[in-house]
Amino acid sequence: MLGIVVSPGAPGRERLGQLEEPSRREDQLLIKTLALGVCGTDREILQGRYGWSPPGRDWLVLGHESLGRVAVAPEGADFAVGDLVAGIVRRPDPDPCVCCARGEFDMCRNNRYRERGIKELDGYGAEWVTLEPEFAVKVDPSLGSLGVLTEPTSVVAKAWEQIDRIKHRACPPLARALITGAGPIGLLAALLGVQRGLEVHILDRVRDGPKPELAQLLGASYHSGTVADACHAADPDVVLECTGVPELVVDAVRVTPPATVACLLGVSSRGRALNVDVGTLNNNFVLGNDVVFGSVNANRRHFAAAADALAAAEPEWLARLITRRVSLAEWRQALDKRGSEIKTVIDFTLDGQ
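Thresholds applied
- Residues numbered from 1 in each chain as written.
- Predicted model: local features only at pLDDT ≥ 70, side-chain atom pairs only at ≥ 80, totals over all residues.
- Heavy atoms only, no water.
- Core = buried A, V, L, I, M, F, W, Y, C linked by side-chain atoms within 4.5 Å.
- Buried < 20%, exposed > 50% of the residue type's maximum accessible area, 1.4 Å probe, protein only.
- Helix = DSSP H or I, 4+ residues; strand = E, 2+ residues; numbered from the N terminus.
- Contact = heavy atoms within 4.5 Å.
- Pairing = 2+ DSSP bridges.
- Axes fitted to C-alpha atoms, helices over the stretch in contact; angles between N-to-C directions.
- Parallel < 35°, antiparallel > 145°, perpendicular 65-115°, else oblique.
- Nonpolar A, V, L, I, M, F, W, Y, C, P; charged D, E, K, R; others polar.

### Re the nonpolar core
Here is step 1: Ranked by internal contacts, the top residues of the largest apolar core, which has 50 residues, are Trp160, Ile202, Leu240, Leu318 and Leu321.
Here is step 2: Of all the elements, helix H3 (residues 150-167) adds the most residues to this core, at seven residues.
Here is step 3: Look past the residues within four positions of Ile202 in its chain and what remains in contact with it is Ile179, Gly181, Ala182, Leu187, Ala190, Ala215, Ala220, Ser221, Tyr222 and His223.
Here is step 4: Formed by 44 residues, the second largest nonpolar core is a distinct cluster that contains Leu46, Leu62, Phe135 and Ala307.

This is how it looks when you write it as structure tokens:
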């Protein structure tokens, strides 16, 4: 079978290679891969800046945003041949920390977790993969290929869960949200905010094209000025920072109203310094009863919540998030970021491989 092979830490060695078909255990699902989403993490792995190969070898099968169809299911499993499924990315530490031992492996305390397609476990970027039923989540068949959005949606589902827990501590009730960044994570975060009945505002530097249109179709307000301007217009109770741009991260926690929750979802490039008045920033947090927290990855319940959120969304709106599809043979093109794109997907059902 064909698979996308990379060598973490050694850029330039990536390839579409022939791999042995997976050896399925009796307790595993056999999955035919249909689609694979790509994101900044995949690009960092190709650039040699991130990723870990499985022990004993120097290569890794790429891919963590998966959609597949069950070809073989274990007897007694809650899956049937033909089911659409998304694969959970993270696995608990084999010698579990206190969080992994409780099943909260997305909150691992000792960093010895493993992740499909990222850290020590082969990913979903091959024509066939095996998957343990406890790490597979059913996708509504009505979604079809749009089910490939399950993994990124799970990330924001977890963020909203954490926001709900934090906002119980204070007033005002959660009513207005500001999302910085209108990429896939930002737009999906906005989708879940709208589904919760919130007044949602989106901030992005792009002034025309699909992003403002998608915000309008969602019923969200769209802003293209500064974070301060957007906060003045929105008066948000919560900010979800989805860009990782250092200046926006600082502004997202600096200019928000008192008693605001700021959730940081974007990963920043290292090595960029900013001149920040930490004393004033600290005083704003303390005197304003602010909360700032980071969130990454997702647990099974977050994947399940993501699948439900996608099933409840307008299919036409979701379809517009995927701005480019390429075949497996053209997989390298999917990792080239283009200016107006939102989400690129490697479609294993396209001709060309």
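### A word on the sheet that holds strand S1 (residues 2-6)
Here is step 1: One open sheet holds the three strands; their spatial order is S2-S1-S4, and the pairing between them is antiparallel. Pairing within the sheet leaves two strands with one partner each, and these edge strands are strand S2 (15-18) and strand S4 (60-61).
Here is step 2: As paired elements, S1 and S4 share two bridges and run antiparallel to each other. Bridge pairing in S4 places Val6 opposite Leu60.

### Some details on the packing of H3 against helix H9 (residues 300-312)
Here is step 1: Where H3 contacts H9, the axes come no closer than 7 Å and their chain directions differ by 110 degrees. Compared by their axis directions, H3 and H9 come out roughly perpendicular. Between H3 and H9, the contacting residues are Thr150, Glu151, Thr153, Ser154, Ala157, Lys158, Glu161 and Arg165 on the first element and Arg301, His302, Phe303, Ala305, Ala306, Ala307 and Leu310 on the second.
Here is step 2: Partitioning the contact of H3 with H9 into residue classes produces six nonpolar, four polar and five charged.

### Examining the sheet that holds strand S7 (residues 90-91)
Here is step 1: Strand order across the open sheet formed by three strands is S7-S8-S9, with mixed pairing between neighbours. At either end of the open sheet lies a strand with only one pairing partner, and these are S7 and strand S9 (120-121).

### Here's the deal with unusual backbone geometry
Here is step 1: We note that Asn289 has phi near 55 degrees; this positive angle belongs to a residue other than glycine.
Here is step 2: With respect to the element layout, Asn289 can be found in the loop between helix H8 (278-287) and strand S17 (291-294).
Here is step 3: Of note, the phi angle at Asn297 is positive, near 65 degrees, even though the residue is not glycine.
Here is step 4: For Asn297, the location among the structural elements is in the loop between S17 and H9.
Here is step 5: Residue class for Asn297 comes out buried when judged on its relative accessible area of 9%.

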